[in-house]
Amino acid sequence: MRGEPGAEAVRERLAVARISAVNLSEVVAKLQDHGVPDAAIADSLAELALDVVAFDEDQAIDAGKLRRATRHAGLSLGDRACLALARSLAATALTTDRAWEKAAADARVELVR
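What you see is a predicted model; the values in this text were computed from it and never measured. (Residues numbered from 1 in each chain as written. Predicted model: local features only at pLDDT ≥ 70, side-chain atom pairs only at ≥ 80, totals over all residues. Heavy atoms only, no water.)

## Some remarks on the overall build of the protein chain
Basically, it comes down to this: Segments assigned H or I by DSSP are reported as helices when at least four residues long, segments assigned E as strands when at least two residues long, and all are numbered from the N terminus. For this measure, only C-alpha atoms enter the radius of gyration; the expected value for a globule follows 2.2 Å times N^0.38, where N is the number of residues. The criterion used for residue contact is that any of the two residues' heavy atoms lie within 4.5 Å. Residue burial considers only the protein chains on display, and all accessible areas are found by Shrake-Rupley using a 1.4 Å probe.
Each helix and strand counted, the protein chain has 5 helices and 4 strands in total. Each helix (α) and strand (β) of the protein chain, taken in turn from the N terminus, gives the series α-β-α-α-β-α-α-β-β. Computed over C-alpha atoms, the radius of gyration of the protein chain comes to 14 Å, within 12% of the 13 Å expected from 2.2 N^0.38 for 113 residues, which places it in the range of a compact globule. When its C-alpha atoms are laid out on the principal axes, the protein chain stretches across 40 × 30 × 25 Å. Of all intrachain contacts in the protein chain linking residues separated by at least 6 positions in sequence, the fraction that spans at least 24 positions is 55%. Accessible area for the protein chain stands at about 7100 Å²; split by element, carbon and sulfur atoms hold 50% of it.

Below, the structure is given as structure tokens:
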């Protein structure tokens, strides 16, 4: 949404992508941190028409269990929520964070930059 490196790789997959509600919350928080007005955030999210997946009990448990395997790489709750969703869908998680390569999370991960 801010034209960062890797944005094109993500844009190419948006039509089939899913995002955890946890990660959507992070996106909104980061945009606010960068001074993006609430109305612009709402407009951008509406334009993207993201397929938002609720953070359910199974994902919450999986994300919690991922803590031990990912702690050394410094992965956050949001990172682990993304990995838990990817694992539950047998999908590939997209990230720009090289630390995910070090995480033994048994999930498919692709660096987009």
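There is more to say, and it comes next.
## Some details on the nonpolar core
One recurring pattern in soluble globular proteins is that nonpolar side chains are buried together. To keep things clear, this is the line we draw: Nonpolar cores were defined as sets of buried Ala, Val, Leu, Ile, Met, Phe, Trp, Tyr and Cys residues, with membership established by side-chain atoms within 4.5 Å. Any residue under 20% of the maximum accessible area for its type is buried, any over 50% is exposed, and the rest in between are partly exposed; the area is computed with a 1.4 Å probe on protein chains only.
With 13 residues, the main nonpolar core has Leu 66, Ala 73, Leu 75, Leu 83, Ala 93 and Trp 100 as its most contacted residues. Counting residues per element, the ones that place at least two in this core are helix H4 (57-70) and helix H5 (77-89). Among the elements that take part in this core, H5 stands out by supplying 4 residues, more than any other. Not counting residues up to four positions away in its chain, the partners in contact with Leu 83 are Leu 66, Thr 70, Leu 75, Ala 93, Trp 100, Ala 105, Ala 107 and Val 109. Residues Ile 19, Leu 24, Ile 41 and Leu 45 belong to the second largest nonpolar core, which totals 5 residues.

## Things to note about the environment of Ala 15
Relative to the helices and strands, Ala 15 is located in the loop between helix H1 (7-11) and strand S1 (19-20). On the basis of relative accessible area, Ala 15 is assigned to the exposed category, the value being 80%.

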